[in-house]
Amino acid sequence: MGEVLELRELSRHYPAQRALDELSLNVSEGEFFSLLGPSGCGKTTTLRLVAGLEAPTSGRILLRGEAIEHRRPHDRNVSTVFQNYALFPHLTVRENIEFGLRHRHGGRPVDADKRIVELVEMLQLGDKLDRAPEQLSGGERQRVALARSLVLHPDVLLLDEPLSALDPNLRKQVRDELKALQRRVGITFLFVTHDQEEALYLSDRIALLNAGRLEQLGTPQEIYQHPCSRFAASFLGRVNWLNGTGIRPEATLLSRDQPANSERVYDSVVQRCVFLGNHLHVEAELSGGEHFIAELPCNSEGFQAGERVHVWWRAEDELLLPI
Amino acid sequence: MQPAVKQPGDQGAGDASQTANSGLRTLFLTPTAALLLALLGAPLAIVLAYTFRTRGTYGGVTAPWTLENWQRLADSLYAGILFNSFAVAAVSTAICLLLGFPLALFISRAGRRRGLYLHLVILPFWTSFLVRTYAWMFLLRDTGLINTVLFKLGLISQPLPLLYNYGAVLLGLVYTYLPFMVLPVYATLERMDRTLLEAAADLGARPLQVLWRVVLPLSKPGLWAGSILVFIPCLGAFLIPDLLGGGKTILVGTLVQNQFTASRDWPFGSALSMALMGVVLLLMLPLTRKSASL
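What counts, and at which threshold
Residues numbered from 1 in each chain as written. Chains lettered and ligands numbered in written order. Predicted model: local features only at pLDDT ≥ 70, side-chain atom pairs only at ≥ 80, totals over all residues. Heavy atoms only, no water. pLDDT = per-residue confidence, 0-100. Contact = heavy atoms within 4.5 Å. Buried < 20%, exposed > 50% of the residue type's maximum accessible area, 1.4 Å probe, protein only. Helix = DSSP H or I, 4+ residues; strand = E, 2+ residues; numbered from the N terminus. Domains from an automatic or database assignment. Salt bridge = Lys/Arg side-chain N within 4 Å of Asp/Glu carboxyl O. Patch = residues over 30% accessible without salt bridge, like charges linked within 9 Å, V, L, I, M, F, W, Y side chains within 5 Å. Areas by Shrake-Rupley, 256 points an atom, 1.4 Å probe, with all protein chains shown as cover. Pairing = 2+ DSSP bridges. Axes fitted to C-alpha atoms, helices over the stretch in contact; angles between N-to-C directions. Buried area = accessible area lost by both parts, 1.4 Å probe. Polar contact = N/O pair within 3.5 Å; in protein donor to acceptor, adjacent residues only side chain to side chain. Nonpolar A, V, L, I, M, F, W, Y, C, P; charged D, E, K, R; others polar. Right-handed = clockwise from strand over helix to strand, strands pointing away.

**Q** Hey, could you run me through the confidence of the model for chain B in this one?
**A** For residues with low pLDDT, the predicted coordinates do not support detailed interpretation. Residues and elements named next belong to chain B. On average, residues of chain B carry a pLDDT of 85, and 90% of them reach 70 or more. Note on residues 1–14: pLDDT under 50 across the span, and two contacts to partners over four residues away in sequence or across chains. Here the prediction assigns the complex a pTM of 0.80, and the interface score ipTM is 0.86.

Take a look at the structure:
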């Protein structure tokens, strides 16, 4: 797979803040690539720099090997799905979808009509074409925004937290659809999110950003299982910490009897035990005062608050952080 | 209990709060409504009544009742004046649109200086309208500032006819009413979602295309509101046509004024102004509805 997008030491500094500091990464053709991080980490800035909506302080942006950092937004073959979708309220769904086709180099593509028909069918917008955006539901608006961008066959589709405007029930369903869509159209997605679950679920690779810098780059599994820092470990899921060692709640075990063959056994007191459907959530306090959470299989027997138990885990389940 | 039957308790509570609300509303609205009725409705009724009376020798109205004033309106002379007035108002509005939209756009994108520029736009209101119009006369007349300077510079040997023509009237109208265009247009531009402009650029539209296909259509409510605010006073203007147009440019506003002063024909003046108001209302009805719905 070739590289479609390359960022080289890309920086965006404001007088009071380094929104983005020397970010370098490559995105491969057809990849679902996520920029993940807390608010203010520089993920949206990165997206806007690639789109051309902001200018970098320094660094390069290469799109299919060509430097584009000095080009105007209309002159870059990337397209953005905005967080609020930014559909044109004075145009119908059809006119929104056709908006960009007029402006592409060399005029309207010859296969424009075919592209529209395909996307409209794929995104189930057939009966909505003559509606105004304000008559659509959140999910429908998002599909129109996707169609409007995808119809241009961008080299990279930029998505700025496109699921955050949807209500939680819809979000999971749309998430599945988005992944299926990306596979189907084969276009490279650069996806911005602050939701680690979303990033893990959707991404081929994730770039975890923190305070304008790249924290870690890797597949979801790599980052989850081998986080490079406390920040990375904590941002992608919960971690129990004991003397600098991290253990995921699902690797944390509880037993009433002294477990054999493990050196990691600690006397604890159960504080809370809640059945959450897919797992049993137990909170316990270690004798040293550390607060631990264990997620046990849902068929495990329950514990009583105040009960004395052993908290333990296997050595190979510890998160190894480089020091 | 049937499900269709309303809960008596709810209904009662709703009624009580509604009654209290409407009582409060009546209390607050009564003075304003009474004032409007007295100061707007009553004079209007008097003017309407005057249109059916006969002129008095020294102004005022006398008996008998007549339809003559309305019949005189059909005279082609007045139709011509009315047409001229509409044309002048329409051209003034068009010029205000052409000047006001770019100005409002500029101000809306001026960042921290927006406040300053807005103040500059409304600064002329701090001086009397009459004084400002006389200032224009001082600038434009044959021995005025502009002609004097051009003459001294040797650029002209005869004074340019700057005053007492339609051009001067248009200038005065545009100068006076431009802020009424700029402010509502600015308000819509200011409210506009910036991500829409970013989205347009992102979809490949060049800056001018963004302006034409997104900014302009979305500014429509402000453009309509501004046009109405400029067109109506321009149509009825009498001071500017009188002072800057001299006697030559008879517009309907001036004509009405003349009926009440020089001609001492109050009934006909009343008929003229009622007719003008009727035409304006008819014209504006669909427009105001449109600007409200946008």
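Having seen the model, we can carry on.
**Q** What is the right way to read helix α1 (residues 43–51) of chain A from this model?
**A** Side chains of residues three or four places apart in an α-helix project in the same direction, reflecting 3.6 residues per turn. Residue and element names in this part refer to chain A. Burial of α1 is extensive: seven of the nine residues sit out of reach of the surface. Listed as buried for α1 are Lys43, Thr45, Thr46, Leu47, Leu49, Val50 and Ala51. Gly52 sits one or two positions beyond α1 and adopts a positive phi of about 90°.

**Q** Would you mind showing me how to read the side chain of Glu69(A) here?
**A** Residues and elements named next belong to chain A. Structurally, the position occupied by Glu69 is in the loop between β5 (66–67) and β6 (78–81). By relative accessible area, which is 7% here, Glu69 ends up buried. If sequence neighbours within four positions are ignored, Glu69 has contacts with Pro56, Gly59, Arg60, Ile61 and Arg76.

**Q** Can you walk me through the domain arrangement of chain A in this structure?
**A** Interfaces are often sized by the amount of accessible area the parts lose when they come together. The domain boundaries assigned to chain A delineate domain 1 (3–229) and domain 2 (238–320). Distance between the C-alpha centres of domain 1 of chain A and domain 2 of chain A: 40 Å.

**Q** How should the pattern of salt bridges be read in this particular structure?
**A** Should their charged atoms come close, side chains of opposite charge can pair. The full count for this structure, using the stated rule, is 25 salt bridges over all chains. Put simply, Arg48(A) and Glu198(B) hold a salt bridge, and the shortest N to O gap is 2.6 Å. Taken as a pair, Arg48(A) in helix α1 and Glu198(B) in helix α8 (residues 194–202) lie in two separate chains rather than in one. Relative accessible area serves as the criterion here: at 21%, Arg48(A) is assigned to the partly exposed category. What makes Glu198(B) buried here is its relative accessible area of 19%. Of the charged contacts, one joins Arg256(A) and Glu307(A) as a salt bridge, the two residues approaching to 2.2 Å between their closest N and O atoms. Linking Arg256(A) in the loop between β13 (253–255) and β14 (265–275) with Glu307(A) in the loop between β16 (291–297) and β17 (308–312), this pair joins segments that are 51 residues apart in sequence.

**Q** Explain α8(B) to me, please; I cannot follow it from the model alone.
**A** All names here are of chain B. Of all nine residues in α8, seven are buried, a share of seventy percent or more. Within α8, the full set of buried residues consists of Leu196, Leu197, Glu198, Ala199, Ala200, Ala201 and Asp202. Of the residues one or two after α8, Gly204 is the one with positive phi, at around 105°.

**Q** In this structure, what is going on with a nonpolar patch on the surface? I would like to understand it.
**A** A surface patch of nonpolar side chains, amounting to about 700 Å² of accessible area, comprises Leu116(B), Leu120(B), Leu123(B), Phe125(B), Trp126(B), Phe180(B) and Leu229(B). Along the chain, Leu123(B) falls in the loop between α4 (114–122) and α5 (129–140).

**Q** How should the sheet that holds strand β2 (residues 17–28) of chain A be read in this particular structure?
**A** Think of a sheet as strands paired side by side through backbone hydrogen bonds, with each pair either parallel or antiparallel. Residue and element names in this part refer to chain A. Across the sheet, four strands lie side by side as β2-β1-β4-β5; this open sheet has antiparallel pairing. Edge strands, defined here as strands with exactly one partner in the open sheet, are β2 and β5. Direction of pairing for strand β1 (residues 3–14) relative to strand β4 (residues 58–63): antiparallel, over a ladder of five bridges. Each bridged residue has a counterpart across the sheet, and for Leu5 the counterpart in β4 is Leu63. Its contacts with the sheet place α1 against β1, β2 and β4, and it is angled at close to 115° to β1.

**Q** Mind showing me how you'd approach the interface of chain B and chain A here?
**A** Taken together, the 18 residues of chain B in the interface contact 24 residues of chain A. Taken together, both faces of the contact between chain B and chain A bury some 1900 Å²; the carbon and sulfur share is 58%. Scanning the region where chain B abuts chain A turns up one salt bridge. Linking chain B with chain A are eight residue pairs in polar contact (both at pLDDT 80 or more), by the criterion used here. Where the side of chain B that touches chain A is concerned, the elements lending two or more residues are α8 and α9 (207–218) of chain B. Of all the elements, α8(B) adds the most residues to the side of chain B that touches chain A, at seven residues. Here the side of chain B that touches chain A is built from residues that sort into ten nonpolar, three polar and five charged.

**Q** Sorry if this is basic, but what is going on with the pairing of strand β8 (residues 188–193) of chain A here?
**A** Successive side chains on a regular strand alternate, one facing one side of the sheet and the next facing the other. Residues and elements named next belong to chain A. Within β8, six of the six residues are buried, which leaves the element mostly enclosed by the surrounding structure. One ladder, built from five bridges, connects strand β3 (residues 32–36) with β8; its direction is parallel. Looking across to β8, one finds that Phe32 is bridged to Phe189. Pairing geometry for strand β7 (residues 156–160) and β8, over five bridges, is parallel. Of the residues in β8, the one forming a bridge with Leu157 is Phe189. A crossover connection joins β7 to the parallel β8 through helix α5 (residues 168–185); in handedness this β-α-β unit is right-handed.

**Q** Hey, could you run me through the sheet that holds β3(A) in this one?
**A** Residue and element names in this part refer to chain A. As summarised here, the arrangement of the six strands in space is β6-β7-β8-β3-β9-β10, forming an open sheet in which the pairing is mixed. A single partner strand is all that each edge strand has here, and the edge strands are β6 and β10 (213–218). Ignoring strand direction, the axes of neighbouring strands in this sheet form an average angle of 20°.

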